[in-house]
Amino acid sequence: MANIKSAKKRILVNRTKADRNKAIKSGVKTAVKKVEAAVTANDKAAASAALLNATSTIDKATTKGVYHKNTAARKVSRLAKLVNNI
């Protein structure tokens, strides 16, 4: 355990940020799974709605700094490709 006050603060701040990032990434994974489930069920309408939600969630995660913009673009592109191939 750190003894210096600033080091203790860094530990707390890093833990808080890690928890926040984990929650955001979990939300993205859930949104992606919903899109994939709709695609598996061959439900075009549900897949399109889920894609819209997933895109929004991924973009929000990108603006928060959880994902790099290219990573987000790749995820959105792959999901769109899945939905368009139904």
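All values derive from a computational prediction rather than experimental measurement.

Rules used in this analysis
Residues numbered from 1 in each chain as written. Predicted model: local features only at pLDDT ≥ 70, side-chain atom pairs only at ≥ 80, totals over all residues. Heavy atoms only, no water. Core = buried A, V, L, I, M, F, W, Y, C linked by side-chain atoms within 4.5 Å. Buried < 20%, exposed > 50% of the residue type's maximum accessible area, 1.4 Å probe, protein only. Helix = DSSP H or I, 4+ residues; strand = E, 2+ residues; numbered from the N terminus. Contact = heavy atoms within 4.5 Å. Expected span 1.5 Å × (residues − 1). Axes fitted to C-alpha atoms, helices over the stretch in contact; angles between N-to-C directions. Parallel < 35°, antiparallel > 145°, perpendicular 65-115°, else oblique. Left-handed = near helix turned anticlockwise from the far one by under 90°. Nonpolar A, V, L, I, M, F, W, Y, C, P; charged D, E, K, R; others polar.

Caption draft 1: View of the nonpolar core. Residues V28, V35, I58, A61, L79 and V83 are the most contacted members of the largest nonpolar core, which totals 19 residues. Elements represented by at least two residues in this core include exactly α1 (5-40), α2 (44-63) and α3 (69-84). Looking at which element gives the most residues to this core, the answer is α1, with seven residues. Leaving out residues up to four positions away in the same chain, V83 has contacts with V35, V39, K44, A47, S48 and L51.

Caption draft 2: Summary view of α3. Helix length check: α3 (16 residues) gives 22 Å between terminal C-alpha atoms against 22 Å at 1.5 Å per residue, within 8%. Those residues of α3 that are buried lie in contact with α1 and α2.

Caption draft 3: Seen up close, the packing of α1 against α2. Contact geometry of α1 with α2 gives a least axis separation of 8 Å together with a crossing angle of 160°. As judged from the angle between their axes, α1 and α2 are roughly antiparallel. Read as a crossing pair, α1 and α2 show a hand that is left-handed. Side by side, α1 and α2 meet where I24, G27, V28, A31, V32, K34, V35, A38 and V39 of the first sit next to A46, A47, A50, L51, A54, T57, I58 and A61 of the second. Among the residues making up the contact of α1 with α2, the classes are represented as 14 nonpolar, two polar and one charged.

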